[in-house]
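# Report on the structure
So you can see what is in the structure, the chains are spelled out below.
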Amino acid sequence: MALIKCPECGTEVSDKALQCPKCSYPISTAPSQQTPEDIQTIQQTSKRLKKQIIIAIVLIIGGIILISTGANADKEATRALLFTFGTLAALLGAIWYIIVRIRIWWNHR
């Protein structure tokens, strides 16, 4: 491994580097010989957990919508009912979201 000067900024860079760390000027083209078929992307989070995160977020947003709708309701009973259900939905969604994020973290340790 030899050090060469970057043609752009003059910083000493390894000849094996893809680009200059200071100015991002491309240095080496050797790794680009790989084709896109040679590169693999590994999915680490399961689709089931991603779906659960989406459901939790929908619950949170739905709860917030119920709370705001209840605040504008005319009748006191309707206002209290919407506020209660909205709070429960938002709280359940938040707890569910936290639990799923912990499960994702736990699987990726």
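Structure shown above.
Residues numbered from 1 in each chain as written. Predicted model: local features only at pLDDT ≥ 70, side-chain atom pairs only at ≥ 80, totals over all residues. Heavy atoms only, no water.

### Side note on the pattern of salt bridges
- Counted under the stated rule, the structure contains 1 salt bridge.
- A salt bridge links Arg 79 to Glu 76; its shortest N-O distance comes to 2.9 Å. Note that Arg 79 and Glu 76 are positioned in helix α2 (residues 76-108) at a spacing of 3 residues, about one turn of the helix.
- Among the residues examined, Arg 79 registers a relative accessible area of 28% and is labelled partly exposed.
- Under the relative-accessibility criterion, Glu 76 is labelled exposed at 55%. (Salt bridge = Lys/Arg side-chain N within 4 Å of Asp/Glu carboxyl O. Helix = DSSP H or I, 4+ residues; strand = E, 2+ residues; numbered from the N terminus. Buried < 20%, exposed > 50% of the residue type's maximum accessible area, 1.4 Å probe, protein only.)

### Regarding the state of the cysteines
- Tallied over the entire structure, the rule returns 0 disulfides.
- Cys 6 forms no disulfide, and the closest cysteine sulfur to it belongs to Cys 23, at a distance of 3.6 Å.
- With no disulfide of its own, Cys 9 lies 3.6 Å from the sulfur of Cys 20, the closest cysteine sulfur.
- Overall, Cys 9 belongs to the partly exposed group, its relative accessible area being 32%. (Disulfide = S-S within 2.5 Å.)

### Observations concerning a nonpolar patch on the surface
- There is a patch of nonpolar side chains on the surface, built from Ile 57, Ile 61, Ile 65, Tyr 97, Ile 98, Ile 102, Trp 105 and Trp 106 and spanning about 830 Å² of accessible area.
- Where the nonpolar patch is concerned, the elements lending two or more residues are α1 (47-71) and α2.
- The element that contributes the greatest number of residues to the nonpolar patch is α2, accounting for 5 residues. (Patch = residues over 30% accessible without salt bridge, like charges linked within 9 Å, V, L, I, M, F, W, Y side chains within 5 Å. Areas by Shrake-Rupley, 256 points an atom, 1.4 Å probe, with all protein chains shown as cover.)

### Details of the side chain of Ser 14
- Residue placement: Ser 14 occurs in strand β2 (residues 12-14).
- Among the polar contacts listed, one links the side chain of Ser 14 to the backbone nitrogen of Lys 16, at a separation of 3.1 Å. (Polar contact = N/O pair within 3.5 Å; in protein donor to acceptor, adjacent residues only side chain to side chain.)

### Focus: unusual backbone geometry
- Here Ser 24, not a glycine, exhibits a phi torsion of approximately 65°, which is positive.
- Within the fold, Ser 24 resides in the loop between β2 and α1.
- Judged by relative accessible area, Ser 24 falls into the partly exposed class, the value being 43%.

### Here's the deal with the packing of α1 against α2
- Interhelical geometry of α1 versus α2 gives an angle of 160° and a closest axis separation of 7 Å. Compared by their axis directions, α1 and α2 come out roughly antiparallel. α1 and α2 meet at a crossing whose hand is left-handed.
- Of the residues assigned to the contact of α1 with α2, the class counts are 21 nonpolar, 8 polar and 4 charged. (Axes fitted to C-alpha atoms, helices over the stretch in contact; angles between N-to-C directions. Parallel < 35°, antiparallel > 145°, perpendicular 65-115°, else oblique. Left-handed = near helix turned anticlockwise from the far one by under 90°. Nonpolar A, V, L, I, M, F, W, Y, C, P; charged D, E, K, R; others polar.)

### Here's the deal with the environment of Trp 105
- Mapped onto the elements, Trp 105 comes out in helix α2.
- Assessed through its relative accessible area of 52%, Trp 105 is described here as exposed.
- Sequence spacing of Trp 105 and Thr 45 is 60 residues, and the spatial spacing of their C-alpha atoms is 9.4 Å.

### As for the side chain of Gln 52
- Relative to the helices and strands, Gln 52 resides in helix α1.
- Not counting residues within four places of it along the chain, the set of residues in contact with Gln 52 comprises Trp 96, Val 100 and Arg 103. (Contact = heavy atoms within 4.5 Å.)

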